[in-house]
Amino acid sequence: MTCAGDEDDPFPVDDCLFAETFSQDTIYTLVGQELKIRQVFGANLGVAAPVWEAALHLCRYFDEQSVELRGKRIIELGAGTGVVGILAARLGAVVTLTDLPLALPQLQVNISANMPSSGWPTSLPTVLPLSWGEDHMNFSSDWDLVLCADIIYLPETYPLLVETLAHLCKNGAVVYLSSKMRKEHKTPGFYEECLPRRFNVELVHYDGNQNINIYRASLRKEQ
């Protein structure tokens, strides 16, 4: 397999992002919580390996806007390193972290590394595999929040993601999506065309310097 895409593009078409495998531990202080996040860079993990800036933006947004997470039932899609979901769990949410199977060991490592000394406030975060549009029906629709950080970069997955979100939000869950707005990956088109077909979509945060937007969405009621 060859590695396609421009060298400056962090989201190549295939998964040859990192030829060598190595890990890096980084400390992040978010919402008063100190998180130690391991990033395992390797060809298998690809874009699931790093902590992307859009994820940190979403964490800071929750703090700045005083979004209540304690006691909320939260599912994160494409969790990657798990920084967003782990923060939510540290703040008292009941969290399920999902991603493709290859990314799950990294999630488990980061959950173990970030258990508070007094234990998780509510419950140990759950880690489960989820392929959009394929096994989403195995999950309930009883969520308060669905979190998505920098997962809008492969146009062929957009309809599958919308289908998955619609199922998860059937009972009124609110979705927060944080994205680097990459025109080359048609990220703006997802928010302007794909998502609004099923959801009411509101831009709630805009960072022009880093080209990162945060959206809040809720499923449209059927007429």
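As annotated in an unreviewed UniProt entry, the protein carries the name EEF1A lysine methyltransferase 3 and is attributed to Sander lucioperca.

Another aspect to go through is the environment of Arg 198. By the secondary structure assignment, Arg 198 is in the loop between helix H5 (187–194) and strand E8 (199–207). Here Arg 198 falls in the partly exposed class, since its relative accessible area comes to 39%. Measuring from C-alpha to C-alpha, the distance between Arg 198 and Ser 218 comes to 8.6 Å, with 20 residues separating the pair along the chain.

All right, on to the packing of aromatic side chains then. Tallying each qualifying case throughout the model produces six aromatic pairs. Judged by centre distance (5.3 Å) and plane angle (90°), the rings of Phe 62 and Tyr 176 are edge-to-face. Taken together, the residues span a long stretch of sequence, with Phe 62 in helix H1 (residues 53–64) and Tyr 176 in strand E7 (residues 174–180) at a distance of 114 residues. Consider the rings of Phe 190 and Tyr 191, whose centres lie 5.1 Å apart with planes at 85°: the pair is edge-to-face. Its relative accessible area of 0% is what places Phe 190 among the buried residues. The structure contains a cluster of three or more aromatic residues connected by ring pairs, namely Tyr 158, Phe 190, Tyr 191 and Tyr 215. Looking at Arg 73, its charged tip hangs above the ring of Trp 143, at a distance of 4.9 Å from the centre.

Taken together, seven strands build an open sheet; the order of strands is E5-E4-E3-E6-E7-E9-E8 and the sheet is mixed. Since the sheet does not close on itself, it has two edges, and those belong to strand E5 (126–129) and E8, each with one partner. Across the sheet, the axes of successive neighbouring strands diverge by a mean angle of 20°, strand direction being ignored. Relative to strand E6 (residues 145–149), strand E3 (residues 73–77) runs parallel, the two sharing four bridges. Note on E6: the bridge partner recorded for Ile 74 is Leu 145. Strands in contact with H1 are E6, E7, E8 and strand E9 (212–219); relative to E7, the strand with the most contacts, it is inclined by about 135°. Across the sheet, H5 lies against E7 and E9, angled at about 150° from E7, the strand it touches most.

The next thing to look at is the pattern of salt bridges. According to the stated counting rule, one finds five salt bridges in the structure shown. Close ionic contact of Glu 53 with Arg 60 constitutes a salt bridge, the shortest N to O distance being 3.1 Å. The class for Glu 53 is partly exposed, based on a relative accessible area of 28%. Among the residues examined, Arg 60 registers a relative accessible area of 36% and is labelled partly exposed. Overlapping salt bridges bring together Asp 25, Lys 36 and Arg 38 as one network.

Reading the values: rules and limits
- The numbering scheme is per chain: residues are counted from 1 as the chain's sequence reads.
- Only residues with pLDDT of 70 or above have their local features reported here, since the model is predicted, and side-chain atom pairs are shown and tallied only from 80 upward, although totals for entire chains, interfaces and linings are computed over all residues.
- Calculated side-chain values reflect all of the structure's heavy atoms, with hydrogen atoms and water omitted.
- Helix numbers and strand numbers start at the N terminus; a helix is a DSSP run of H or I with at least 4 residues, a strand a run of E with at least 2.
- Exposure classes here rest on a 1.4 Å probe applied to the protein chains alone. A residue is buried below 20% of its type maximum, exposed above 50%, and partly exposed in between.
- Pairing of aromatic rings covers Phe, Tyr and the six-membered ring of Trp, with a centre-to-centre limit of 6.5 Å; geometry is then stacked below 30 degrees between planes, edge-to-face above 60, and tilted otherwise.
- Placement of a charge over a ring requires the Lys NZ or Arg CZ to be within 6 Å of the ring centre, with the centre-to-atom vector within 35 degrees of the ring normal.
- Paired strands are those between which DSSP finds at least two bridges.
- Helix axes use the C-alpha atoms of the stretch in contact, all axes being lines fitted to C-alpha atoms, and the angles between their N-to-C directions lie in the range 0 to 180 degrees.
- Throughout, a contact is declared for two residues whenever any of their heavy atoms are within 4.5 Å.
- Salt bridges are defined by distance alone: a side-chain nitrogen of Lys or Arg within 4 Å of a carboxyl oxygen of Asp or Glu.

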